[in-house]
Amino acid sequence: DTGVSQDPRHKITKRGQNVTFRCDPISEHNRLYWYRQTLGQGPEFLTYFQNEAQLEKSRLLSDRFSAERPKGSFSTLEIQRTEQGDSAMYLCASSHESGEQYFGPGTRLTVT
Amino acid sequence: AQSVTQLGSHVSVSEGALVLLRCNYSSSVPPYLFWYVQYPNQGLQLLLKYTSAATLVKGINGFEAEFKKSETSFHLTKPSAHMSDAAEYFCAVMYGGSQGNLIFGKGTKLSVKP
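Please read these numbers as outputs of a predicted model, since none were measured by experiment. (Residues numbered from 1 in each chain as written. Chains lettered and ligands numbered in written order. Predicted model: local features only at pLDDT ≥ 70, side-chain atom pairs only at ≥ 80, totals over all residues. Heavy atoms only, no water.)

Q: What am I meant to see in the pattern of salt bridges here?
A: Pairs can form between side chains of opposite charge once their charged atoms are near each other. Counted by the stated rule, this structure contains six salt bridges over all chains. With its nearest N and O atoms 2.8 Å apart, the salt bridge here joins Asp86 of chain A to Arg64 of chain A. Of the two residues, Asp86 of chain A sits in the loop between β8 (75–79) and β9 (88–95) while Arg64 of chain A sits in the loop between β6 (53–57) and β7 (65–68), which places them 22 residues apart along the sequence. Here the two residues Asp86 of chain A and Arg64 of chain A agree in accessibility, since each one is buried. Note that Lys58 of chain B and Glu64 of chain B form a salt bridge whose closest N and O atoms lie 2.8 Å from each other. Judged by its relative accessible area of 63%, Lys58 of chain B falls in the exposed class. Its relative accessible area of 23% is what places Glu64 of chain B among the partly exposed residues. (Salt bridge = Lys/Arg side-chain N within 4 Å of Asp/Glu carboxyl O. Helix = DSSP H or I, 4+ residues; strand = E, 2+ residues; numbered from the N terminus. Buried < 20%, exposed > 50% of the residue type's maximum accessible area, 1.4 Å probe, protein only.)

Q: Any chance you could explain the nonpolar core here in plain terms?
A: Generally speaking, a soluble globular protein has its nonpolar side chains buried in company with each other. Grouped together as the largest cluster of nonpolar side chains are 27 residues, with contacts concentrated most on Trp35, Leu47, Leu48, Phe74, Leu76 and Tyr89 of chain B. The set of elements that each furnish at least two residues to this core consists of β2 (10–14), β3 (19–21), β5 (32–38), β6 (44–50), β8 (64–68), β9 (73–78), β10 (87–94) and β12 (108–113) of chain B. When near neighbours in sequence (up to four residues on either side) are disregarded, Leu48 of chain B contacts Leu33, Phe34, Trp35, Val57, Lys58, Gly59, Phe63, Glu64, Ala65, Phe74 and Leu76 of chain B. Ile26, Leu32, Trp34 and Leu46 of chain A belong to the second largest nonpolar core, which has 19 residues in total. (Core = buried A, V, L, I, M, F, W, Y, C linked by side-chain atoms within 4.5 Å. Contact = heavy atoms within 4.5 Å.)

Q: Explain the interface of chain B and chain A here, please?
A: Note: interface size is frequently given as the accessible area lost on complex formation between the parts. On the chain A side, the residues contacting the 19 residues of chain B number 22 residues. When chain B packs against chain A, the two sides together hide about 1,700 Å² of surface, and 49% of this comes from carbon and sulfur. The tally of links from chain B across to chain A stands at one salt bridge. Across the pair Lys49 of chain B and Glu100 of chain A runs a salt bridge whose closest N-O atoms are separated by 2.4 Å. The tally of links from chain B across to chain A stands at four residue pairs in polar contact (both at pLDDT 80 or more). The set of elements that each furnish at least two residues to the side of chain B that touches chain A consists of β5, β6, β10 and β11 (102–104) of chain B. Looking at the side of chain B that touches chain A residue by residue, the classes come out as eight nonpolar, nine polar and two charged. (Buried area = accessible area lost by both parts, 1.4 Å probe. Polar contact = N/O pair within 3.5 Å; in protein donor to acceptor, adjacent residues only side chain to side chain. Nonpolar A, V, L, I, M, F, W, Y, C, P; charged D, E, K, R; others polar.)

Q: Explain the sheet that holds strand β1 (residues 5–7) of chain A here, please?
A: Strand pairing in a sheet relies on backbone hydrogen bonds. The paired strands run either parallel or antiparallel. Residues and elements named next belong to chain A. With antiparallel pairing, the four strands of this open sheet are ordered in space as β1-β3-β8-β7. Since the sheet does not close on itself, it has two edges, and those belong to β1 and β7, each with one partner. Each adjacent strand pair in this sheet contributes to an overall mean axis angle of 15 degrees, direction not counted. Here strand β3 (residues 19–24) pairs with β8 via five bridges, running antiparallel. Residue pairing for β8: Thr20 is matched across the bridge by Glu78. (Pairing = 2+ DSSP bridges. Axes fitted to C-alpha atoms, helices over the stretch in contact; angles between N-to-C directions.)

Q: Would you explain the side chain of Ser58 of chain A in this entry?
A: Residue and element names in this part refer to chain A. Take Ser58: it is sitting in the loop between β6 and β7. At 3.4 Å, the side chain of Ser58 and the backbone oxygen of Phe45 are in polar contact. Side-chain polar atoms of Ser58 contact the backbone nitrogen of Leu60, separated by 2.9 Å. Leave out the neighbours within four places in its chain, and Ser58 touches Phe45 and Leu46.

Okay, here's the thing in structure tokens:
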């Protein structure tokens, strides 16, 4: 069990650029979640997949955000036309039927 | 809206002292409850969870939490703090059984003095 992995760990981008993050869940987990964490706050839910189906999206997920999970394995989160307010830690988690969510190390995004 | 409140954004204890981190949730229907720990620049690690079985839940690293429905609380305790316990702790709730997303509190940063 290698745990949840995320790539890259850090990303610095200029305002207006597009960025894409990748999450590889624990292999037998069919559920995958994305959260965003800003400084001094707890993580906030963005979206959730069961296998390849995106079942829920938070209103925090504006039109500039899109997430995919092709073939129900890894997932990508893309942010288009980044804004300074997008600077945050983006966390991925996966779970099985028990509901316990296991988190990856996160991708820290800085928009300059 | 459903929410989680963690009282005290920063708690400081001496090494060997009792650790008590407070968490209250807002719902008449008991949710699933979790405590996570986060070390600097890392993801979250699950400490323990409550899913409507025993009200006293034991977790990793000597932590435990007690679910009290009448107080809508799920406070985290550890009898004796270690320096390695210094981190940020998040309480989270999950509604809708085991299929929902987590709603987190704002976190409590624990400092341990030698």
